[in-house]
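Tertiary structure, described
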Amino acid sequence: MAVYKISYVVIGSDHPGGIVNSSVRPQIGDQVKIGEQLFETIEVFELMPPRKDFHYIHVTCQPYNPK
Amino acid sequence: MLKEILRGVELFDGLTEDDLEQVASLCQEREIEPGELLVKEGDRGDELFIITSGFVEVLLETPRRVVVNLGRGQITGEMALVDGGPRSATLRAISEPTIVQVIHRSDFDNLCDNNTRLGYIVFRNLAADLSFKLRHRNLSER
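Everything in this summary refers to the structure shown in the same document. Residue numbers restart at each chain and count upward from 1, following the sequence in its written direction. Think of it this way: whatever chain is written first is A, whatever ligand is written first is 1, and the rest follow in order. Predicted model: local features are reported for residues with pLDDT of at least 70 only, side-chain atom pairs are reported and counted for 80 or more only, and whole-chain, interface and lining totals are derived from all residues. Side-chain metrics rest on all non-hydrogen atoms present in the structure, leaving aside hydrogens and water.

**A word on the side chain of B:Lys3**
Residue and element names in this part refer to chain B. To keep things clear, this is the line we draw: Only DSSP runs of H or I with at least four residues qualify as helices, and only runs of E with at least two residues qualify as strands; both kinds are numbered from the N terminus onward. Exposure is judged per residue with a 1.4 Å probe applied to protein chains only, and the accessible area is read against the type maximum: over 50% gives exposed, under 20% gives buried, and values in between give partly exposed. Only heavy atoms enter the contact rule, under which two residues are in contact if any of them lie within 4.5 Å.
With respect to the secondary-structure elements, Lys-3 resides in helix H1 (residues 2-7). With a relative accessible area of 18%, Lys-3 lands in the buried category. Setting aside its immediate chain neighbours within four residues, Lys-3 contacts Glu-17, Leu-20 and Glu-21.

Quick look at the structure:
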């Protein structure tokens, strides 16, 4: 059972971002809800090597603006 | 069910089924409403929280600012548990439902004292979690 521990950093806003576990690896273009706000993923990379089932991921995201 | 939730929490990674059952027996579930405080900065702290649903914001009072939101699978309140100092930040629920599992410090200490293998694994994982939070903080300040 893979667990993705994700560090979300928000740009284009003073939102503080967040840390949350997910069973799904994040992808560029994903929409993600942190607290009550919706964001769009624009960057994903591995923060450090996985340890057993845990994967450590960094995501940069920005406020979601539907076109 | 609770054991399955704990299996997805990094703090307990590497524990056996029996270990997880012991940890689960210490947990007390608490549901908190949006806006409700879990702890207040400066208070004495003797509880560790495992967030199983929703989000908790970590809020510093001076100057007043939110430094991070913690969601499912994250632990918080661990600093007071490790160093015995006052709460370093205020914790407030920001989504509904926010559900946490609470472990009291004395129960946590007893468990680690009585099972040093478990204690080693949990404290190694606790160090890794603090390291991850520092990396997140560093990336936030780029």
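**A closer look at the sheet that holds strand S3 (residues 31-34) of chain A**
As a reminder of what qualifies: Paired strands, in this sense, are two strands between which DSSP finds at least two bridges. Helix axes are fitted to C-alpha atoms over the stretch in contact, other axes to C-alpha atoms as well, and angles between N-to-C directions run from 0 to 180 degrees.
Read from one edge of the open sheet, 9 strands run S3(A)-S4(A)-S5(A)-S1(A)-S2(A)-S5(B)-S4(B)-S7(B)-S2(B), paired in mixed fashion. Only two strands of the sheet have a single partner each, and these edge strands are S3 of chain A together with strand S2 (37-39) of chain B. Pairwise comparison of adjacent strand axes, ignoring direction, gives a mean angle of 35 degrees for this sheet. As defined by bridge partners, S2(B) adjoins strand S7 (residues 90-93) of chain B across 2 bridges and the pair is classed as antiparallel. From the neighbouring strand, B:Leu37 faces S7(B), where its bridge partner is B:Arg92.

**Some remarks on the pattern of salt bridges**
As a reminder, the rule being used: Whenever Lys or Arg places a side-chain nitrogen within 4 Å of a carboxyl oxygen from Asp or Glu, that contact is recorded as a salt bridge.
If you walk through the whole model with that rule in mind, you get 15 salt bridges over all chains. Among the ionic pairs, B:Glu4 bridges to B:Arg7, the shortest N-O distance being 2.7 Å. Here B:Glu4 and its partner B:Arg7 are both found in helix H1, 3 residues apart, which amounts to about one turn of the helix. B:Glu4 sits in the partly exposed class, given a relative accessible area of 44%. Residue B:Asp129 pairs with B:Lys133 through a salt bridge whose shortest N-O separation is 2.8 Å. Here B:Asp129 pairs with B:Lys133, and both are found in helix H5 (residues 116-140), just 4 residues apart, close to one helical turn. Comparing B:Asp129 with B:Lys133 shows no difference in burial state: the two are buried. Bridged by salt links that share partners, the residues A:Lys5, A:Arg51, B:Glu10, B:Glu78, B:Asp129 and B:Lys133 form one connected network.

**What to know about helix H4 (residues 105-114) of chain B**
Because an α-helix completes one turn every 3.6 residues, residues spaced three or four positions apart along the sequence face the same direction. Residues and elements named next belong to chain B. Counted only if it meets this: What the arc covers is the set of directions going from the helix axis to the C-beta atoms.
Here H4 has its buried residues at Phe-108, Leu-111 and Cys-112. The buried residues of H4 occupy an angular sector of 95 degrees when projected down its axis, which confines them to one face. Seen from the open side of H4, the exposed residues pointing more than 90 degrees away from its buried face are Asp-113 and Asn-114.

**Points about the packing of H4(B) against H5(B)**
Residue and element names in this part refer to chain B. Keep this limit in mind: Roughly parallel means an angle under 35 degrees; roughly antiparallel, over 145; roughly perpendicular, 65 to 115; everything else is oblique. The residue classification treats Ala, Val, Leu, Ile, Met, Phe, Trp, Tyr, Cys and Pro as nonpolar and Asp, Glu, Lys and Arg as charged. All others, Gly included, are polar.
Relative to each other, H4 and H5 sit at 120 degrees, their axes nearing to 5 Å. The angle between H4 and H5 places the two elements in the oblique class. Residues Phe-108, Leu-111, Cys-112, Asp-113 and Asn-114 of H4 form the contact with H5, whose own contacting residues are Thr-116, Leu-118, Gly-119, Val-122 and Phe-123. Of the residues that constitute the contact of H4 with H5, the class distribution is 6 nonpolar, 3 polar and 1 charged.

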